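Residues per chain, in single letters:
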Amino acid sequence: MHILLNPGPVNVSPRVRAALGGPDICHREPEYFDLQESIRAQIPIVFGAPASEYTSVLLTGSGTAMVEAMIASAVPQGGRLLVVRNGVYGQRMGHMAAAHGIACDALAAPLVERPDPNDVDRALARTRYDALAIVHHETTTGLLNDLAPIAAVARARRVRLLVDAVSSLGGDRFDFQSWAPDAVACTANKCVQGLPGLSFALVRREFMETMRAYPERTVYLHLPRHHLDQERRSTPYTPAVQIAYALRAAIEELAEETVAGRIARYGRAAAIVRDGLQALGLTLLVPPKLRSNTLTTIKLPLGLMYSTLHDALKREGFVIYAGQGAFADVCFRVANMGHVEEAEFRRFVDTVGACVG
């Protein structure tokens with residue numbers, strides 16, 4: 001088995017993998033609805049989202065599918081969206097808005113810098129926006145955007161806050177109570193340590209009701225449709241039943257470890273990787289204060305091609321990730337999500353040392 005150091009899919013525990021062996025059931029029977037309800041009920045609890053204020057909704061599809069569902073569903077007819085863009089995934093949200101005919105502007109920031117909240121405030125003051133969308137953890141670089149001041153600006157301007165937390169929820173601090181986002185998209189197969197194929201969102205209850213009056217710009221990705229059916233112990237389309245078994249097991253594991261415990265574990269792993277690679281003389285792209293807890297972008301040593309390093313590490317059991325966007329040819333990325341022992345991260349550092357020494 002390879003140790004996956006890419007930012008999802010991740011290595012999962014034997015317990016999560018074994019959950020795939022649950023019984024074959026019809027998705028129109030009470031057995032499936034019991035499974036669906038148990039997952040939806042646990043999600044707000046695990047992530048500290050007040051159940052009186054937030055509801056959860058499941059979607060069969062990747063994290064990208066849920067982000068697109070959020071974008072397509074969250075803007076009224078004739079409304080306008082502002083996207084904060086300091087990476088590939090912010091840019092992707094703009095493409096999603098365009099695909100669904102939503103008027104959208106981008107507020108660009110450098111790829112290795114956080115957006116200035118004052119710039120966000122000025123942008124929201126210039127034009128009437130209905131929603132502001134931002135990526136929490138931009139895995140383009142491993143930069144973690146600071147949501148607290150952005151959320152404060154959105155509240156002051158009475159603009160809905162939409163967050164792509166696909167690569168952060170469960171791995172970095174996320175404060176639902178003080179940030180009060182309106183919709184947060186996530187997926188099973190990153191920091192939650194489930195398997196690919198299911199995504200979920202946490203949405204303010206009053207916002208979900210409001211969205212019911214918005215245009216249905218898409219058949220499959222209209223969030224209120226999924227939510228309404230799930231609230232009625234139903235589902236509009238065929239869900240990934242076996243992946244749901246695995247997601248339930250993963251959420252149970254996360255509840256036992258606690259989000260704070262997982263963040264701490266990931267932090268120890270990140271420190272092993274970062275300190276170890278810097279001791280080898282490698283340079284990290286993002287300054288310490290801006291880094292996420294779960295992904296590190298490293299500059300390739302002069303004269304070493306990514307493919308050479310990738311293949312050498314894979315032979316030793318490790319899968320790394322190429323740089324992305326402007327850094328595709330000059331960097332590589334290492335994620336520390338998933339069910340991986342700290343000893344494996346130490347072995348990884350030693351293996352990199354043998355490759356670049």
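Preceding this section is the structure that the text describes.
Residues numbered from 1 in each chain as written. Predicted model: local features only at pLDDT ≥ 70, side-chain atom pairs only at ≥ 80, totals over all residues. Heavy atoms only, no water.

Undergrad: Help me understand the sheet that holds strand S2 (residues 54-60), please; the structure alone is not making it clear to me.
TA: Each strand in a sheet pairs with its neighbour through backbone hydrogen bonds, running either in the same direction (parallel) or in the opposite one (antiparallel). With mixed pairing, 7 strands are arranged side by side in an open sheet as S2-S10-S9-S8-S5-S3-S4. Each of the sheet's edge strands pairs with one partner strand only, and the pair in question is S2 and strand S4 (103-108). In this sheet, neighbouring strand axes are inclined to one another by 20° on average, regardless of whether the strands run parallel or antiparallel. Sheet topology note: the strand S8 (residues 160-164)/strand S9 (residues 183-187) ladder contains 3 bridges and is parallel. (Pairing = 2+ DSSP bridges. Helix = DSSP H or I, 4+ residues; strand = E, 2+ residues; numbered from the N terminus. Axes fitted to C-alpha atoms, helices over the stretch in contact; angles between N-to-C directions.)

Undergrad: Just to check I follow, could you spell out the packing of aromatic side chains for this structure?
TA: The description of two aromatic rings rests on the distance between their centres and on the angle between their planes. Counted according to the given criterion, the structure contains 7 aromatic pairs. Measuring from ring centre to ring centre gives 5.9 Å for Tyr32 and Phe33, while their planes differ by 65°; the resulting arrangement is edge-to-face. By relative accessible area, Tyr32 is classed as buried at 3%. Given a relative accessible area of 7%, Phe33 falls into the buried group. Where Tyr54 meets Phe176, the ring centres are 5.2 Å apart and the plane angle is 75°; that geometry is what we call edge-to-face. You can see Tyr54 sitting in strand S2 and its partner Phe176 sitting in helix H7 (residues 176-179), a full 122 residues away along the chain. One exposure class covers both Tyr54 and Phe176, and it is buried. Taken together, the aromatic side chains of Tyr54, Phe174, Phe176 and Trp179 make up a single cluster linked through ring pairs. (Phe/Tyr/Trp six-rings, centres within 6.5 Å; stacked < 30°, edge-to-face > 60°. Buried < 20%, exposed > 50% of the residue type's maximum accessible area, 1.4 Å probe, protein only.)

Undergrad: What is the right way to read the environment of Gly61 from this model?
TA: Position of Gly61 among the secondary structure elements: in the loop between S2 and helix H3 (63-73). By relative accessible area, Gly61 is classed as buried at 17%. As for Gly61 and Pro196, which are separated by 135 residues in sequence, their C-alpha atoms are 8.0 Å apart. Every residue in contact with Gly61, bar those within four places of it in the chain, is listed here: Gly197, Leu198 and Ser199. (Contact = heavy atoms within 4.5 Å.)

Undergrad: Honestly, empty space enclosed by the protein in this entry has me stumped. Any pointers?
TA: Regions of empty space are outlined by a rolling probe, equal in size to a water molecule, passed over the atoms. With the rule as written, the count across this model stands at 1 cavity of 30 Å³ or more. Taken as a whole, the largest cavity holds about 80 Å³ of empty space. Along its surface, the largest cavity is lined by 14 residues, and Leu58, Leu59, Thr60, Thr235 and Pro239 are the ones closest to its centre. When contributions to the lining of the largest cavity are tallied by element, the ones reaching two or more residues are helix H2 (30-47), S2 and helix H9 (223-231). It is S2 that contributes the most residues to the lining of the largest cavity, 3 residues altogether. Taken together, the residues that form the lining of the largest cavity break down as 8 nonpolar, 6 polar and no charged. (1 Å grid on protein atoms, 1.4 Å probe; cavity = no way out; pocket = protein on both sides within 12 Å on 5 of 7 lines; lining within 4 Å. Points joined across faces, edges and corners; volume = space filled by probe spheres on them. Nonpolar A, V, L, I, M, F, W, Y, C, P; charged D, E, K, R; others polar.)

Undergrad: Even after reading the chapter, I still don't get the sheet that holds strand S14 (residues 331-335), so can you show me in this structure?
TA: Spatial strand order, S11-S14-S13: 3 strands in an open sheet with antiparallel pairing. Lying at the two open borders of the sheet, with one neighbouring strand each, are strand S11 (295-299) and strand S13 (321-322). The sheet contact formed by S11 and S14 spans 5 bridges and is antiparallel. Counterpart to Ile298 in the pairing with S14 is Phe332.

Undergrad: Could you clarify how one ought to interpret the layout of surface pockets in this entry?
TA: Quantified by volume, the largest pocket comes out at close to 340 Å³. Lining the largest pocket are 21 residues, with Thr64, Tyr89, Arg92, Val166 and Lys190 positioned closest to its centre. Taken together, the elements giving at least two residues each to the lining of the largest pocket come down to H3 and helix H4 (88-99). Looking at the lining of the largest pocket element by element, the count peaks at 4 residues for H4. Across the lining of the largest pocket, the residue classes break down as 9 nonpolar, 9 polar and 3 charged.

Undergrad: What should I look at first to understand the nonpolar core in this one?
TA: General note: in soluble globular proteins, nonpolar side chains tend to be found buried as a group. With 59 residues, the main nonpolar core has Phe47, Leu132, Leu169, Phe174 and Phe176 as its most contacted residues. The leading source of residues in this core is helix H10 (residues 241-257), at 10 residues. If we ignore the near neighbours within four places in the chain, the residues touching Leu169 are Phe47, Phe174, Phe176, Cys186, Cys191, Val192, Phe200 and Leu202. In this structure, Met70, Val75, Leu162 and Ala201 belong to the second largest nonpolar core, which totals 31 residues. (Core = buried A, V, L, I, M, F, W, Y, C linked by side-chain atoms within 4.5 Å.)

Undergrad: What am I meant to see in the pairing of S9 here?
TA: Regular strands have side chains that alternate between both faces of the sheet. Taken across its 5 residues, S9 has 5 buried, putting it largely inside the fold. Side chains of S9 alternate between two faces, with Ala183, Ala185 and Thr187 and Val184 and Cys186 buried alike. Here S9 runs beside strand S10 (residues 198-204); their pairing, made up of 5 bridges, is antiparallel. Across the sheet, Thr187 pairs through a bridge with Ser199, a residue of S10.

Undergrad: Is there a simple way to explain helix H11 (residues 259-279) in this structure?
TA: Turn by turn, an α-helix covers 3.6 residues, leaving residues three or four places apart pointing in a common direction. Taking 1.5 Å of rise per residue, the 21 residues of H11 would be expected to cover 30 Å, and the 30 Å separating its terminal C-alpha atoms lies within 8% of that figure. For H11, the full list of buried residues reads Val259, Arg262, Arg265, Tyr266, Ala269, Ala270, Ile272, Val273, Arg274, Gly276 and Leu277. In the core, the buried residues of H11 are packed alongside H2, H10, S11, S14 and helix H13 (342-356). One or two steps after H11, the chain reaches Gly281, where phi turns positive at roughly 95°. (Expected span 1.5 Å × (residues − 1).)

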